[in-house]
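Notes for the structure review
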Amino acid sequence: MTPDLMEQGAQRVQARQVALALHTGQTESGGRAAGFSRLNTPGEVDVTHGCILYLENVTVSFDGFKAIDQLSLDIAPGELRCIIGPNGAGKTTMMDIITGKTRPDSGMVFFGSTIDLLRYTEPQIAQLGIGRKFQKPTVFEQLTVFENLELALKTHKGVRASMFFRLDAAQRDRLAEVLLTIHLSADVARLAGTLSHGQKQWLEIGMLLMQDPKLLLLDEPVAGMTDEETERTAELFLSLKGKHSLLVIEHDMSFIDTISDIVTVLCDGSVLAQGTLAQVQADERVIEVYLGR
Ligand SMILES: Nc1ncnc2c1ncn2[C@@H]1O[C@H](COP(=O)(O)OP(=O)(O)OP(=O)(O)O)[C@@H](O)[C@H]1O
Ligand SMILES: [Mg+2]
């Protein structure tokens, strides 16, 4: 068989596995659940081990420099985990690895206990239910708030399907619910370009919520926001906790103080400390490398 054919075969196998994982939350082996006679809910991620996200001994080097170094971390379903740490600690790189943007050199990255994220591409990982918000808002400025949210439902469809796309009743309800959650119900007809920086950030979070992600990754979400916008964002995140799992990177300590349960401190690509904000703030090593004296 030529390498081309082998490659195509491998891609077909992987496409089948993605479809299977999307519909059942299981891999081809049937996963753990197969042995326990448990009923599967379509699209469900297997969190019976108490983890929605599990990283073990993940390492990635760029030109010999270890940006992530034997990183292990796990997140519980519905948890809101905050990640702090100095510039260059590897926080964003960690999100790049979870979302398939960067491949680690070694280690394990699992979504639930059965989905090996290292076997999926970036778009497939988004489809599996991991939404990512980058620091800069990337809404469509020439479209209204409504159109931006509507568009978020189309992103996984083909061109033809998108052309004939109409919201059904459940999707309309979802859109109205998301508008309430992100405090933009009164601005639904406004062009996104006319929104404030904070409102654009909320709209982008709303676009992620339209897909009903199981896990949301948010990189410095309140950077550049006013104090009032930051407070509202804290309320928003607290309202999302429990319904979704959230991983939030931030440098704003008062924001972290408002939203955090457990804080993980990253430094030199691995976990330096973990605990409540008060606990990590009292940790000498954290004071040394990040918070200052
Ligand atoms: N694609 C890449 N190629 C080369 N080096 C990279 C790449 N991505 C990240 N790095 C390096 O890896 C290290 C970790 O970067 P990363 O952006 O993850 O840090 P961070 O914790 O998010 O920092 P900040 O708080 O400043 O956002 C840095 O030294 C960065 O220069
Ligand atoms: Mg970063």
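This write-up is about the structure you can find in this document. (Residues numbered from 1 in each chain as written. Chains lettered and ligands numbered in written order. Predicted model: local features only at pLDDT ≥ 70, side-chain atom pairs only at ≥ 80, totals over all residues.)

Glancing now at the site of ligand 1. Neighbouring residues of ligand 1: F62, A67, G85, N87, G88, A89, G90, K91, T92 and T93. Tallying contributions element by element places helix 2 (residues 91-98) first for the shell around ligand 1, with three residues. Its residues assigned to classes, the shell around ligand 1 shows three nonpolar, six polar and one charged. (Near = placed C-beta within 6 Å. Helix = DSSP H or I, 4+ residues; strand = E, 2+ residues; numbered from the N terminus. Nonpolar A, V, L, I, M, F, W, Y, C, P; charged D, E, K, R; others polar.)

With that settled, the discussion passes to the sheet that holds strand 7 (residues 215-219). Spatially, six strands are ordered 6-7-8-3-9-10 in an open sheet, and the strand pairing comes out mixed. At either margin of the open sheet sits one strand with a lone partner, and together these are strand 6 (130-133) and strand 10 (270-275). Ignoring strand direction, the axes of neighbouring strands in this sheet form an average angle of 20°. Relative to strand 10, strand 9 (residues 262-267) runs antiparallel, the two being bridged by five bridges. For V263, the partnering residue across the bridge sits in strand 10 and is G275. Across the sheet, helix 11 (residues 284-291) is in contact with strand 3 (80-84), strand 9 and strand 10; its angle to strand 10 comes to roughly 120°. (Pairing = 2+ DSSP bridges. Axes fitted to C-alpha atoms, helices over the stretch in contact; angles between N-to-C directions. Contact = placed C-beta atoms within 7 Å.)

Ranked by internal contacts, the top residues of the largest apolar core, which has 72 residues, are I98, L203, V248 and V265. The element best represented in this core is helix 7 (residues 197-210), accounting for seven residues. Among residues more than four places away in sequence, those in contact with I98 are L53, V109, L117, I130 and L217. (Core = buried A, V, L, I, M, F, W, Y, C linked by C-beta atoms within 7 Å. Buried ≥ 20, exposed ≤ 12 C-beta atoms within 10 Å, placed from the backbone.)

Our next topic: the packing of helix 6 (residues 169-181) against helix 7. In contact at an axis separation of 10 Å, helix 6 and helix 7 are set at 145° when each is read in the N-to-C sense. At the point where helix 6 passes helix 7, the crossing takes the right-handed sense. Here helix 6 contributes R174, L175, V178 and T181 to the contact with helix 7, which in turn contributes G206, L209 and M210. Here the residues of the contact of helix 6 with helix 7 are counted per class, giving four nonpolar, two polar and one charged. (Left-handed = near helix turned anticlockwise from the far one by under 90°.)

Before going further, it helps to examine helix 4 (residues 145-154). Each α-helix turn comprises 3.6 residues. Residues three or four places apart therefore point the same way. Where helix 4 is concerned, the buried positions are V145, N148, L149 and A152. Buried residues of helix 4 fall within an arc of 95° about the axis and therefore sit on the same side. Residues of helix 4 that are buried make contact with helix 6 and helix 7. (Arc of directions from axis to C-beta.)

So, on to the environment of I182. With respect to the element layout, I182 can be found in the loop between helix 6 and helix 7. Remark: the alpha-carbon pair of I182 and L203, spanning 21 residues in sequence, is separated by 6.8 Å. If sequence neighbours within four positions are ignored, I182 has contacts with W202, L203, I205, G206 and L236.

Peptide bonds are mostly trans, and most non-glycine residues show a negative phi. Of note in the backbone geometry, N57 takes a positive phi value of approximately 50° without being a glycine. By the element assignment, N57 lies in strand 1 (residues 53-62). For D63, which is not glycine, the phi dihedral falls at a positive 50°. With respect to the secondary-structure elements, D63 resides in the loop between strand 1 and strand 2 (65-75). Exposure remark for D63: the 5 C-beta atoms within 10 Å place this residue in the exposed category.

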